[in-house]
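Chain residues, written in single-letter form:
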Amino acid sequence: MEHRDYNYYEAHAADVNLEEITSSAQNAKNLQQLRDGDPTLSHLMLGRGVWGGYSYFGVGDDFGWLGYFIGRSQCLRELRIYYLPEGKEGHAFMEGIA
């Protein structure tokens, strides 16, 4: 994974192809809701499987973009993290939120 900074995300957020940075249609929808400020997405739970309302983010998902969109969200009120990858992906997620 290449290192990207805040300015990179800001410059590309409006035109990034969400289907290319996620592993599923549901994850792409969640990212779109975060990006567009959809008030119906006020809670998000990240896990390693799809059960009980969790969103599965894992292999094939760009955690840098996920962190960026979560960090910029004005509507998200609750974030529960039950899975976060180690290494560069986890670091990119945390940088994105900050």
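Residues numbered from 1 in each chain as written. Predicted model: local features only at pLDDT ≥ 70, side-chain atom pairs only at ≥ 80, totals over all residues. Heavy atoms only, no water.

So, the packing of aromatic side chains
All chains considered together, the criterion is met by 10 aromatic pairs. Ring centres 4.6 Å apart and planes at 80° place the aromatic pair Tyr9 and Trp65 in the edge-to-face group. Here Tyr9, found in helix α1 (residues 6-12), pairs with Trp65, found in helix α3 (residues 63-72); they are 56 residues apart in sequence, far enough to count as distant. Residues Tyr9 and Tyr68 carry aromatic rings whose centres are separated by 5.3 Å and whose planes lie at 15° to one another, so their mutual orientation is stacked. Here Tyr68 lies in helix α3 and Tyr9 lies in helix α1, a separation of 59 residues in the sequence. Each member of the pair Tyr9 and Tyr68 is classed as buried. An aromatic cluster of at least three residues, connected via ring pairs, comprises Tyr6, Tyr8, Tyr9, Trp65, Tyr68 and Phe69. (Phe/Tyr/Trp six-rings, centres within 6.5 Å; stacked < 30°, edge-to-face > 60°. Helix = DSSP H or I, 4+ residues; strand = E, 2+ residues; numbered from the N terminus. Buried < 20%, exposed > 50% of the residue type's maximum accessible area, 1.4 Å probe, protein only.)

Observations regarding the pairing of strand β1 (residues 43-47)
As paired strands, β1 and strand β3 (residues 78-81) are joined by 4 bridges and run parallel to one another. Across the sheet, Leu46 pairs through a bridge with Ile81, a residue of β3. Pairing of β1 with strand β2 (residues 55-56) involves 2 bridges; the strand directions are parallel. What sits directly across from Leu46, in β2, is Ser55. (Pairing = 2+ DSSP bridges.)

Some details on α3
With 8 of 10 residues buried, α3 lies mostly within the body of the structure. If you follow the buried residues of α3, they end up packed against α1, α2 (25-36), β1, β3 and α4 (87-97). (Contact = heavy atoms within 4.5 Å.)

Quick look at the confidence of the model for the protein chain
When pLDDT is averaged across the protein chain, the result is 88; 92% of the residues are at 70 or more. Looking over the protein chain, one finds the lowest element-wise mean pLDDT in β2, namely 72, and the highest in α3, namely 95. (pLDDT = per-residue confidence, 0-100.)

Describing the packing of α2 against α3
Put simply, α2 and α3 touch, their axes get as near as 8 Å, and they point 35° apart. Relative to α3, α2 is oriented so that their crossing is left-handed. When α2 is examined against α3, the residues Leu31, Leu34 and Arg35 are found in contact with a partner set consisting of Leu66, Phe69 and Ile70. (Axes fitted to C-alpha atoms, helices over the stretch in contact; angles between N-to-C directions. Left-handed = near helix turned anticlockwise from the far one by under 90°.)

Some words on the pattern of salt bridges
If you walk through the whole model with that rule in mind, you get 4 salt bridges. The residue Asp62 makes a salt bridge to Arg4 at a minimum N-O spacing of 2.9 Å. A residue pair is termed long-range when its members are at least 10 positions apart, and Asp62 in the loop between β2 and α3 and Arg4 in the segment before α1 qualify at 58 residues. For the pair formed by Asp62 and Arg4, the shared burial category is buried. Among the ionic pairs, Arg80 bridges to Glu78, the shortest N-O distance being 2.4 Å. The exposure class assigned to Glu78 is partly exposed, which follows from its relative accessible area of 27%. (Salt bridge = Lys/Arg side-chain N within 4 Å of Asp/Glu carboxyl O.)

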